Each structure stands twice: as structure tokens, then as C-alpha cells.
Amino acid sequence: MENTSLQLETFAEGLIAQAGFDKLPDKFRQDFKEQIMNEALQRLGMLLAAELTPEQLQAYERLFTASADPTADPAISQFISSNVPDFAAKSAAVLKSYGEEFLSEAQKALGK
């Protein structure tokens, strides 16, 4: 989970390109990127909420709130690695599912 922000930015840029939105003006691309990253973070948060016990979730929330940059904080990465078995595979599956959903909706919007 090291530097999640950079990974999510790369993920978002890839979806934008795959959807054919990379030709849009910068402002629209930036808005799409932020929306994709926010939605991805929400879905990853839901994954964590489902995987952690209530006590672990409270501990995670304390770490998250105390961190200046939760997406790049090694303490948060270590917490997740220690408490969520196979988080990398599970988070990859969540992002893959979201990516497929996004691309399907993009194709509909473009009339494809």
C-alpha cells in the first residue's frame, strides 16, 4: 500500500485513457481523475470496513485521522498488512471491478 495516492492516480489516468477521455480538456480530465480516485478510495474503505473487526476499525480510524498523509503513511500500510490477509489481492479485485464498471458506463455515455 506504499504511496497509494500515486497508485490511484496511475489507476485513474489509465481508466481515463482506456475510456477515450484522454482527449478531453485538462479541466475535465482532472475532474474525472479526482472523481475516480475518490470513488476508488471509498471502495477500498468499504473493503477495509468489511475485513476489520470493530476494534481494528477504530484503531485504523485513529491512525488515519492522526496521519498527515494517510495514503502514504507506512504505519497505515503496516496496520493493513497485519490485519487484512491478502489485502493486495482483495484491493486489486475491488479496483478491477470498479474499472470495468467505469469503462462500461463510459462506453454507454459515448454511445458504443
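Refer to the preceding data block for the structure.
All chains use their own residue numbering, which begins from 1 and follows the written sequence. Local features in this predicted model are restricted to residues whose pLDDT is 70 or higher, and side-chain atom pairs enter the listing and the counts only when it is 80 or higher, whereas totals over whole chains, interfaces and linings include all residues. Remark: hydrogens and water are excluded; side-chain values derive from all non-hydrogen atoms of the structure.

Each helix is a run of DSSP H or I of at least 4 residues and each strand a run of E of at least 2, with the numbering of both proceeding from the N terminus. A count of helices and strands for the chain gives five helices and zero strands. Taken along its principal axes, the extent of the C-alpha atoms in the chain is 45 × 25 × 20 Å. We call a residue buried when its accessible area falls under 20% of the maximum for its residue type, exposed when it is over 50%, and partly exposed in between, using a 1.4 Å probe and counting protein chains only. Per-residue burial for the chain yields a buried fraction of 33% across its 112 residues. The Shrake-Rupley method, run with a 1.4 Å probe, gives the accessible areas here. Residue values count only the displayed protein chains as cover. Element-wise, carbon and sulfur atoms account for 56% of the exposed surface of the chain, whose accessible area totals about 7000 Å². His is not counted, nor are the chain ends, whereas Lys and Arg count as positive and Asp and Glu as negative. Where a charge lies is defined by one atom per residue type, namely NZ (Lys), CZ (Arg), CG (Asp) and CD (Glu). Across the chain, the 10 positively charged side chains and the 17 negatively charged ones have centroids separated by 7 Å.

Of note, Asp-86 is a non-glycine position whose phi angle comes to about 60°, a positive value. Tracing the backbone shows Asp-86 in the loop between helix H4 (74-83) and helix H5 (87-109). Given a relative accessible area of 58%, Asp-86 falls into the exposed group.

So, on to helix H1 (residues 4-19). Under the 1.5 Å per step criterion, the end-to-end length of H1 is 22 Å for 16 residues, consistent within 8% with the ideal 22 Å. Taken residue by residue, H1 has Thr-4, Leu-8, Phe-11, Ala-12, Leu-15, Ile-16 and Ala-19 as its buried positions. Down the axis of H1, the buried side of the element spans an arc of 135°, and every buried residue falls inside it. Any pair of residues with heavy atoms lying within 4.5 Å of one another is described as a contacting pair. Looking at the buried side of H1, the elements it contacts are helix H2 (26-51) and H5. Where H1 ends, the next residue or the one after it, Gly-20, has phi of about 85°, a positive value. By this rule the span expected of a helix is its residue count minus one, scaled by 1.5 Å. Picture the helix axis, draw a direction to every C-beta atom, and the arc is the one those directions span.

Within the fold, Asp-73 resides in the loop between helix H3 (54-66) and H4. Arg-62 is the oppositely charged side chain nearest to the buried, salt-bridge-free Asp-73, at an N-O distance of 13 Å. A pairing counts as a salt bridge when a side-chain nitrogen of Lys or Arg comes within 4 Å of a carboxyl oxygen of Asp or Glu.

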